[in-house]
Every structure is written in structure tokens, then in C-alpha cells.
Amino acid sequence: MEVPHGLAGAEVLARLDVDPECGLASDEVDRRRSVVGRNALALSTQRSSWRILLDQVRSVVVVLLAAAVVAGLVIGETVEAAAVAVVIIVNTIVGFVTELRALRSMEALRHLTAARADVERQNRREEIDAAELVPGDLVSVEAGDQAPADIRILEAEDLTVEESALTGESEAVVKNVDPVRPDTPLADRTNMLYSGTTVRAGRGRGVVVATGPATEVGRIADLAASTETVQAPLKAGLEQLGRILSLVVVGLAAALAGLGLVRGLDVEEVVEVAIALAVAVVPEGLPAVATLTLTVGMRRMAREHALVRRLPTVETLGSTNVIAADKTGTLTANEMQVVEVALADGVDERVLWESAVICNDADVAPDGTPVGDPTELALLLGAQASGLDWRTLRAEHTRRAEVPFDPSTKRMAVVTDGAVHAKGAAEVLLDPQQHAALLARVDDMSGRALRTLAIGAGRPPADSASDDELFGAVGPLGVLGMIDPPRPAAVDAVTTCHRAGIRVIMITGDQPRTAAAIAREVGLRAGKAVTGAELDRLDNDALAHEIRNSDVFARVAPEQKLRLVRALQAAGGIVAVTGDGVNDAPALRQADVGIAMGRTGTDVAREAADIVLTTDDFSTIERAIQEGRRIFANVRRFGQFLFSWHLSVVLVVTAALALGLDAPLVGLMILWNNLIIDVIPSFALALEPSSDEAMREPPRPKGEPVLGAGTVRRILIHGSLVGAVAFTAYLLATKVMNLDLDQARTMTFVTLTFAQLLAVFNARTDTGSGLRGATRNPYLWGALALTVALESLALGVPAMRDLLGLTTLHARDWAVALSLAAIPVVLVQTVRVIRARPTSDSAV
């Protein structure tokens with residue numbers, strides 16, 4: 001069938017072979033359903049519990065740990081193998097439980113589309129499950145209903161529909177039955193009712209022309225499903241780090257095996273040394289700490305009314321350098337509001353508001369739910385704000401007659417005892433000669449993208465007066481200027497994002513003039529809004545130029561919004577896309593971070609998004625970005641701390657073997673400290689509070705590794721310092737203090753442990769004193785106390801000493817070990833404090 005909006009209603013009925021009086025017969029309904037299927041969207045498949053579980057163990061680091069478990073079992077080191085296995089299990093359980101909880105939270109937001117439909121079949125009107133509709137069904141709708149399918153309107157009585165979820169158009173659309181041109185854009189098809197849109201006022205009747213995937217909503221959902229998601233920077237960075245570690249492990253193991261064979265060690269000893277070094281290199285605690293860090297961030301965001309569907313998304317927000325925001329319902333409140341009043345000469349404002357209330361069909365239900373056209377609701381709120389009790393006023397003025405609003409005449413009138421009250425377009429109610437001043441105000445308001453509405457009143461003529469005579473008796477009271485205003489918090493949030501180096505652009509389906517006006521209100525560059533039609537005329541090079549110079553894109557279709565997001569990403573952007581409508585879904589899925597509005601948003605948008613805001617508050621995005629930046633900064637903190645520890649262990653063991661000395665540490669000593677120091681102090685660093693400067697600095701460059709060049713330099717320096725003092729302790733113990741091998745290893749273990757434990761203050765900050773602001777993180781002091789307690793347990797309990805290969809030390813040995821352990825932190829902190837101009841990229 002040709003496009004239904006381009007055909008007369010009778011022609012549509014004929015082509016669908018449906019009787020406009022009787023509707024479809026039951027057997028015909030069954031036949032059609034067998035062909036087209038149920039009237040339901042195939043929403044994106046939720047990840048199963050097994051898939052979530054599998055995702056926890058797919059990282060390269062976890063694979064390396066699993067390999068260490070297997071190697072330990074092969075050579076009979078069952079204790080080491082069991083300990084590493086416990087780390088893998090704990091990390092898997094934490095990640096699985098956290099993501100499963102997020103999945104269940106999202107379930108509460110599903111299935112919010114139309115559930116019931118008022119349908120006529122076999123000469124009988126009944127209410128059915130909307131999923132049972134088929135093309136050809138006759139459906140009736142009224143104010144408050146959600147369209148259950150795509151419907152060609154056959155009858156319309158003051159039918160006004162809210163279509164922002166589908167088109168991005170902020171103003172409700174008045175519908176009629178007249179055909180339009182076949183090439184009419186979706187937002188301008190006034191004879192169609194599309195699935196998922198909401199009837200704001202009036203009533204209508206029509207014939208279903210498309211269901212399920214064949215609807216406009218279904219088409220956009222299919223586009224969203226076919227769009228590939230983008231991998232989170234942290235996940236990509238950790239996988240890259242894991243690949244590097246695997247190469248390091250293999251290389252070290254091979255080198256040490258060769259060195260051991262040259263020295264004449266037997267094969268079993270060589271394998272044990274290689275396993276010990278592999279244990280030293282692989283950061284067993286990295287997956288657990290990374291998962292716990294993201295989990296804490298996820299919970300903090302949940303307290304800020306942001307549900308995160310995938311853990312790495314929390315960090316990705318911190319990398320964001322572009323936010324592509326929808327206008328309607330995201331930057332704006334998605335409700336009309338009177339913002340300007342222009343009174344006729346000698347008119348009291350209260351009189352104007354009285355007529356605006358009386359000539360009005362909107363209402364507010366007892367539970368506070370608004371009912372009716374958004375424009376008329378705005379009049380009620382405006383009257384209430386002016387101090388008028390509109391409910392009492394209506395009760396005092398009984399409606400005797402009315403002229404309903406007609407889209408063709410753009411006017412409405414209500415007759416009460418002794419008065420007629422009217423409202424309508426300014427060009428209809430105002431005479432150009434007599435009301436030039438008011439019309440000048442109308443032009444000014446329109447130039448600022450305000451929707452104008454004239455209000456009038458007068459004494460009614462005779463009862464038999466025609467409509468034109470009735471309106472001829474009306475004199476103007478004034479003109480109201482209305483707009484869907486910016487959310488109050490959106491302006492501050494945009495300012496904060498700009499200060500943080502994050503570009504905010506608007507992509508909307510609304511009119512260019514309205515989009516530009518709102519953009520100016522919230523602080524965006526808005527010289528001119530670029531339209532979707534203009535975008536279609538641009539090749540990729542011209543589009544790249546346009547997105548560098550324009551911040552407002554209006555009348556944009558879903559495919560065009562998707563193209564804009566891809567162009568922003570190709571230009572180096574890590575892009576967060578916000579939206580609530582079906583038209584936003586493809587772009588939400590393509591984005592690095594898709595953010596859907598949960599209260600007013602659609603199922604399709606929520607399914608495509610990574611984060612759902614349960615308050616629909618744009619400022620929540622700003623706080624989420626700050627949380628993401630805090631997380632990444634803390635990942636670098638604990639990464640520096642963790643890898644400098646592993647480097648120091650490798651250096652100590654390698655130096656001893658290279659010089660032909662006995663190994664200064666055994667595998668269980670290394671593994672014990674890996675489990676304690678990798679996790680406890682690292683997790684405390686992961687809980688460092690956000691810096692006051694977090695949202696005053698630019699986002700990190702796209703592609704920058706998790707451990708940047710500055711962090712790697714600090715790892716090398718700090719790891720070398722700790723390794724140097726630990727190896728010095730070993731040499732003093734064996735060559736100067738004449739301790740036996742067990743005592744020398746114990747002294748090396750103590751020096752290494754406490755040197756790295758104190759190094760937590762070096763990792764807290766790249767500049768200045770590591771003690772500055774340390775009281776803001778109580779977890780840090782708790783972690784230090786717990787770690788000391790566990791190390792004391794290993795050194796003080798005989799069974800633990802025997803298991804780890806440790807022994808007791810004399811007071812002199814302790815004094816030497818602890819003095820050496822203090823050197824790295826004292827040296828680094830002294831250098832930092834005396835620097836005249838510290839920089840974030842300093843070497844230490």
C-alpha cells in the first residue's frame with residue numbers, strides 16, 4: 001500500500017479491506033496476526049546470568065591468573081594455586097552480583113508502552129491487549145491514551161497529540177483527517193497517530209496501518225539494534241595492559257629459565273623460579289580492585305538517581321569530551337510555560353488570566369496529574385502563579401455555549417452569563433490597524449522563539465449570532481508568550497561542563513528557531529541552528545567542518561542524529577548522548593555513553609542506553625562525569641601503587657639470581673603480599689574523594705592509556721627505589737650481618753612490605769605532600785592498620801611463619817629493615833615539597 005498519510009481515509013480502508021462500520025472478523029484477525037505477528041517490539045535481549053558471569057572472566061589478566069593456577073598445580077605448589085584461584089573467584093562473584101543487580105533494577109523500567117487498546121471488531125467495541133492488534137483494526141483514542149500502533153486517523157475531535165518521544169517536537173500537534181503529500185516529513189503528518197505517542201486532548205478514531213516492527217517506532221528500534229556499541233576506554237586499557245603483561249611474563253620466564261640452566265639449576269628449580277617471577281609480575285588484585293572501584297562508583301551514581309547498566313560505563317563518563325544533548329525533556333522541562341505577558345491598553349492582568357482560565361478545557365486530576373493540551377495547562381499554571389484560584393473561578397462561571405478550537409480557524413470561544421471569552425492566534429484575534437502595538441510585541445516574541453497566544457473578551461451578541469459575529473464582539477486583553485523552558489539546573493550544568501573542557505551540543509527534532517532560543521538560554525553557541533535537511537546536503541568532509549563550528553542541530557531525523565554522533569567520534573570525541581525518545585535510540589546505542597531519561601523516556605531509548613537517569617535531570621550527568629573522573633584518577637593511583645610493588649619484587653628476585661645469589665623471596669611470600677598489598681591499600685586509594693579541581697581540568701585525550709607516560713615513569717622510579725632498599729636489606733643481611741638464609745629472606749620481606757606500604761602516600765598525589773588531605777580518606781588509615789595487622793599475623797604466628805617460609809627477627813634486624821623501608825617515601829616526599837613549581841607530569 002502507498003503511504004497511508006498520502007491517501008484519503010476511505011482509500012486506506014479499502015486497501016486494508018476493512019468495513020468502517022463493523023471492523024474485522026475474528027478469523028480475519030487471526031489470519032492477519034499469523035502473517036504480521038504480535039504488535040510488540042523485539043526489545044534488545046537482556047544479557048543472561050550466564051553471559052554476565054562469562055564476561056567477568058574474559059579479561060587477559062584473569063586468563064594469566066588462571067594459567068598461574070594451572071602451572072602451580074603442575075609443579076605441586078597447591079597452596080599458591082589455591083590462593084590465586086580464590087582471587088579469581090572473589091573477583092568473579094563481585095562483578096557478577098553487581099551487574100546482575102543493575103540488570104534487575106532496569107527491569108522495573110521496562111514495558112511502559114501502551115498496554116490496552118479500545119478496538120471495534122464484528123460490530124462490537126471492546127478493550128484488548130494492545131499486542132493483539134493487527135493492521136485493519138479500528139481503534140478509538142482519547143485524552144491520556146497512548147497510541148497502541150501506527151494509525152491513519154479517520155475521525156478527529158479536537159485531537160491533540162504529544163509526539164516529542166518520536167519526533168523531538170516540543171509542541172503538541174493538532175490532528176485532522178485530511179491527506180498530506182506523500183513526501184511530508186514525519187513530524188508534519190497531521191493525519192497520522194504513531195505508536196508510543198500520547199493523546200493530550202480531544203478524541204479520535206482511526207484504522208491501524210502498521211504494528212510491531214513495521215511501525216515508525218519499530219523501524220527506529222531496528223536501526224538502534226543494528227548499531228554497534230563502543231568499547232569503554234577503561235576496559236580497552238585493561239585488556240591492552242593484560243596483553244603487555246602476558247608478553248612480560250613469557251619473556252621473564254624464558255630469560256630466567258635460561259639463566260637458571262646456565263647456572264646449573266635442575267629443571268624443577270628453574271620452573272619454581274619462573275613461577276615465582278610470574279606470580280610477582282601478574283597483579284592478582286587488579287581485577288578485584290578495578291571491579292570494586294567501578295562498583296563503588298556505580299552505587300554512588302545510583303544514589304544520584306543514575307542507574308548504570310554496565311560497570312565500565314562509569315569510568316567512560318569521566319573520559320567524555322562531548323555531550324550531544326536532546327532538547328525536549330532533557331535540557332528543557334517538556335512542559336509549556338508562560339514567560340511573558342503583553343497587555344492591551346488599560347487592561348488589568350488579572351482580567352486577562354480570568355478569561356484564559358474560563359476559555360480552557362485543561363484540568364488537573366485529584367492526584368495532581370495534568371490532563372489536556374500543554375498550552376492550556378500552561379495557562380492554568382500561569383493563572384495560579386498570578387494568585388488566581390482557577391478552580392473557584394470556573395465554578396463561578398457556568399459555560400453556556402462554546403466554539404471548540406479549530407485548527408483551520410486557530411481560535412476558540414466560551415460563552416458564560418453576560419460575557420464571551422476567547423483565545424487564538426494573534427493574527428486571528430488582533431486587527432492590524434487597531435492593535436499595531438500588540439502585534440509588534442507578537443513579532444518580538446516570535447523572533448525569540450516564543451509561542452504566542454492572544455486572549456480576548458467582550459459582551460456576547462444575540463443567541464443566534466454566528467461564530468464570526470461572536471468573535472467580532474471580542475476585544476483584545478493581551479498576548480501571552482510561552483516556551484518549553486530550560487530545566488533550572490541545566491544552565492549551571494552546561495556552564496560546569498564547559499569549564500571542564502566538555503563541549504555540549506544540542507541535537508533535536510524541534511524547530512530551528514525554538515532550538516536556537518533554548519540553546520542561548522542554556523549557554524550554547526547558537527548563531528544559527530543547522531537543520532537535518534542541510535545535513536543531508538553535506539558530504540563527510542563538509543559535515544566534519546560543520547560539527548566543529550555549530551552547537552545546535554534542529555529538525556534532525558534519527559538517521560541524521562546517528563550520523564552526527566559518528567562524525568563527532570571520528571573527530572576524536574568520546575561522546576555521551578542524552579535522550580528520551582524513540583528517535584534518540586540509534587544515537588544512544590552508537591554513543592560511547594548513552595544516557596536515557598527514565599521517568600519520561602521510552603522503552604526503546606532505555607534499552608539502547610548505558611545509563612538511565614531516574615530523575616530526568618541533566619545536572620545528574622555533570623555529577624556522573626565528575627564521578628567518572630574521580631574513578632579514573634583513582635585507577636591511576638592504585639595502578640601506580642600496585643605496579644610499583646610488582647616491579648620492586650621482580651627487581652629484587654632478578655638481581656639476586658643475576659648475581660648468583662639464592663632467591664631472596666619464595667613464591668608464597670610473594671603471593672601473600674600480592675594478596676594483601678594488591679587489594680587492601682589499593683582499594684583504599686580507589687576510594688580517594690574527588691579533587692576540587694576535577695571539573696576544572698580538560699578531559700584526558702582520547703586513546704591515552706590507563707597508565708600514561710607520567711604514571712609509568714613514577715612506577716619505574718618508585719618501584720626501583722623500593723626494590724633497591726629491599727635488595728640492600730638482603731645484601732646487608734647476608735654479607736654484613738651474617739644472618740642465615742631464612743632470616744635474610746624475612747628481613748627482605750619486612751623491608752619490602754613496609755617500604756611499599758609507606759609508598760601509598762607517594763601514590764596519593766603526583767605533586768605536593770602525600771599527607772595533604774589524607775584525613776579526607778578514612779579508608780586509607782583503616783587499610784594501613786589492617787595491612788599492618790595482617791603482616792604482623794604472618795610474622796608473629798608460628799604456623800603462618802612456617803607456611804610462608806619466614807622466621808623471627810631481632811630488634812636490630814627490625815631497626816635496619818624499617819629504617820631502609822622509610823627511605824623511598826621520605827626521599828620522594830622531600831623532593832616534592834621543596835619543588836618550587838610542581839607539575840602533574842612530574843617524574844616522582
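Refer to the preceding data block for the structure.
A short tour of the structure in this document, coming up.

The rules behind the values
Residues numbered from 1 in each chain as written. Predicted model: local features only at pLDDT ≥ 70, side-chain atom pairs only at ≥ 80, totals over all residues. Heavy atoms only, no water. Helix = DSSP H or I, 4+ residues; strand = E, 2+ residues; numbered from the N terminus. Contact = heavy atoms within 4.5 Å. Areas by Shrake-Rupley, 256 points an atom, 1.4 Å probe, with all protein chains shown as cover. Buried < 20%, exposed > 50% of the residue type's maximum accessible area, 1.4 Å probe, protein only. Lys, Arg positive; Asp, Glu negative; His and termini not counted. Salt bridge = Lys/Arg side-chain N within 4 Å of Asp/Glu carboxyl O. Polar contact = N/O pair within 3.5 Å; in protein donor to acceptor, adjacent residues only side chain to side chain. Pairing = 2+ DSSP bridges. Axes fitted to C-alpha atoms, helices over the stretch in contact; angles between N-to-C directions. Core = buried A, V, L, I, M, F, W, Y, C linked by side-chain atoms within 4.5 Å. Phe/Tyr/Trp six-rings, centres within 6.5 Å; stacked < 30°, edge-to-face > 60°. Expected span 1.5 Å × (residues − 1).

**Re the overall build of the protein chain**
Reasoning step 1: Secondary structure assignment for the protein chain yields 33 helices and 23 strands.
Reasoning step 2: Across the protein chain, the fraction of contacts at a sequence separation of at least 24, relative to all contacts at a separation of at least 6, is 74%.
Reasoning step 3: Surface summary for the protein chain: the accessible area is close to 35000 Å², and the carbon and sulfur share equals 56%.

**Remarks on the side chain of Arg801**
Reasoning step 1: Here Arg801 shows up in helix α32 (residues 798-804).
Reasoning step 2: In this structure Arg801 is buried but unpaired, with Asp802 as the nearest side chain of opposite charge at 5.5 Å.
Reasoning step 3: Within the structure, the side chain of Arg801 is placed 3.2 Å from the backbone oxygen of Gly796, a separation counted as a polar contact.
Reasoning step 4: Once residues lying within four places of it in the same chain are set aside, the contact partners of Arg801 are Ala794, Leu795, Gly796, Leu806, Thr807 and Thr808.

**Observations concerning the pattern of salt bridges**
Reasoning step 1: A full pass over the atoms with the stated rule returns 35 salt bridges.
Reasoning step 2: Linking Arg33 and Asp30 is a salt bridge whose minimum nitrogen-to-oxygen distance equals 3.4 Å. Within this pair, Arg33 and its partner Asp30 are both found in helix α2 (residues 26-36), separated by three residues, close to a single helical turn.
Reasoning step 3: For Arg33, a relative accessible area of 17% gives the class buried.
Reasoning step 4: Given a relative accessible area of 47%, Asp30 falls into the partly exposed group.
Reasoning step 5: Measuring nitrogen to oxygen at the nearest pair gives 2.7 Å for the salt bridge that ties Arg121 to Asp137. With Arg121 in strand β1 (residues 116-121) and Asp137 in the loop between β2 (124-129) and β3 (138-142), this pair connects stretches of sequence that are 16 residues apart. Summarising the burial analysis for this pair, Arg121 and Asp137 share the class buried.
Reasoning step 6: Bridged by salt links that share partners, the residues Asp30, Arg33, Arg38 and Glu132 form one connected network.

**Comments concerning the sheet that holds strand β10 (residues 337-343)**
Reasoning step 1: Ordered in space as β10-β17-β16-β15-β14-β13, the six strands form an open sheet in which the pairing is antiparallel. The open sheet has two free edges, formed respectively by β10 and β13 (401-406), since each of these has just one partner strand. Direction aside, neighbouring strands of the sheet carry axes that sit 20° apart on average.
Reasoning step 2: Across the sheet, helix α13 (residues 349-358) is in contact with β10, β14 (411-416), β15 (419-424), β16 (451-458) and β17 (475-483); its angle to β17 comes to roughly 75°.
Reasoning step 3: Running over the sheet, helix α14 (residues 374-385) touches β10, β14, β15, β16 and β17 and is turned about 105° from β17.

**Regarding the nonpolar core**
Reasoning step 1: Counting 123 residues, the largest nonpolar core has Ile323, Ile611 and Phe618 as its most contacted members.
Reasoning step 2: For this core, the element with the highest residue contribution is helix α26 (residues 619-658), accounting for 16 residues.
Reasoning step 3: Aside from chain neighbours lying at most four places away, what touches Ile323 is Cys497, Ile502, Arg503, Val504, Ile505, Ala576, Thr578, Phe618, Ile621 and Ile625.

**With respect to the side chain of Thr620**
Reasoning step 1: Mapped onto the elements, Thr620 comes out in helix α26.
Reasoning step 2: Thr620 sits in the buried class, given a relative accessible area of 2%.
Reasoning step 3: Side-chain polar atoms of Thr620 contact the side chain of Arg623, separated by 3.1 Å.
Reasoning step 4: For Thr620, the contacting residues outside a window of four places in its chain are Glu304, Ala306, Leu613 and Thr615.

**Quick look at the sheet that holds strand β21 (residues 575-579)**
Reasoning step 1: Taken together, the eight strands give an open sheet; going across it, the order is β8-β23-β22-β21-β9-β18-β20-β19, and neighbouring strands pair in mixed fashion. The sheet is open, and its two edges are formed by β8 (306-308) and β19 (530-531), each paired on a single side.
Reasoning step 2: Judged from the two bridges that link them, β19 and strand β20 (residues 552-554) form a sheet pairing that is parallel. Considered in β20, the bridge of Val530 is made with Phe553.
Reasoning step 3: Along the sheet face, helix α22 (residues 540-549) touches β18 (503-507), β19 and β20 and points at about 115° away from the line of β18.
Reasoning step 4: On the sheet, helix α23 (residues 558-570) packs against β9 (322-325), β18, β20 and β21 and is oriented at approximately 160° with respect to β21.

**Considerations on the packing of aromatic side chains**
Reasoning step 1: Counted by the stated rule, this structure contains two aromatic pairs.
Reasoning step 2: Ring geometry for Phe727 and Tyr730: centres 6.4 Å apart, planes at 35°, overall tilted. Of this pair, Phe727 and Tyr730 both sit in helix α28 (residues 709-736), three residues apart, roughly one helical turn.
Reasoning step 3: Taking the relative accessible area as the measure of exposure, Phe727 reaches 13% and is therefore buried.
Reasoning step 4: We classify Tyr730 as buried; its relative accessible area is 2%.
Reasoning step 5: Seen in terms of ring centroids, Phe761 and Trp781 are 5.7 Å apart; in terms of plane orientation they differ by 50°. Their pairing is tilted.

**Notes on helix α29 (residues 741-758)**
Reasoning step 1: The terminal C-alpha atoms of α29 lie 26 Å apart, and with 18 residues this matches the ideal 26 Å at 1.5 Å per residue to within 8%.
Reasoning step 2: The element α29 is largely enclosed, with a buried count of 15 among its 18 residues.
Reasoning step 3: The backbone nitrogen of Asp742 has a side-chain oxygen 3.2 Å away, supplied by the residue at the start of α29, namely Asp740.

**Re α14**
Reasoning step 1: With 12 residues, α14 should cover 16 Å at 1.5 Å per step; its first-to-last C-alpha distance of 16 Å lies within 8% of that length.
Reasoning step 2: Within α14, nine of the 12 residues are buried, which leaves the element mostly enclosed by the surrounding structure.
Reasoning step 3: For α14, the complete set of buried residues consists of Pro374, Thr375, Glu376, Leu377, Ala378, Leu379, Leu380, Gly382 and Ala383.
Reasoning step 4: The N-cap residue of α14 is Asp373: its side-chain oxygen and the backbone nitrogen of Thr375 are 2.9 Å apart.
Reasoning step 5: In the stretch just after α14, Gly387 is the one whose phi turns positive, near 95°.

**Notes on the pairing of β18**
Reasoning step 1: β18 sits mainly inside the fold: four of its five residues count as buried.
Reasoning step 2: Bridge analysis of β18 against β20 gives two bridges, and the strand direction is parallel. Along β20, the bridge assignment pairs Ile507 with Phe553.

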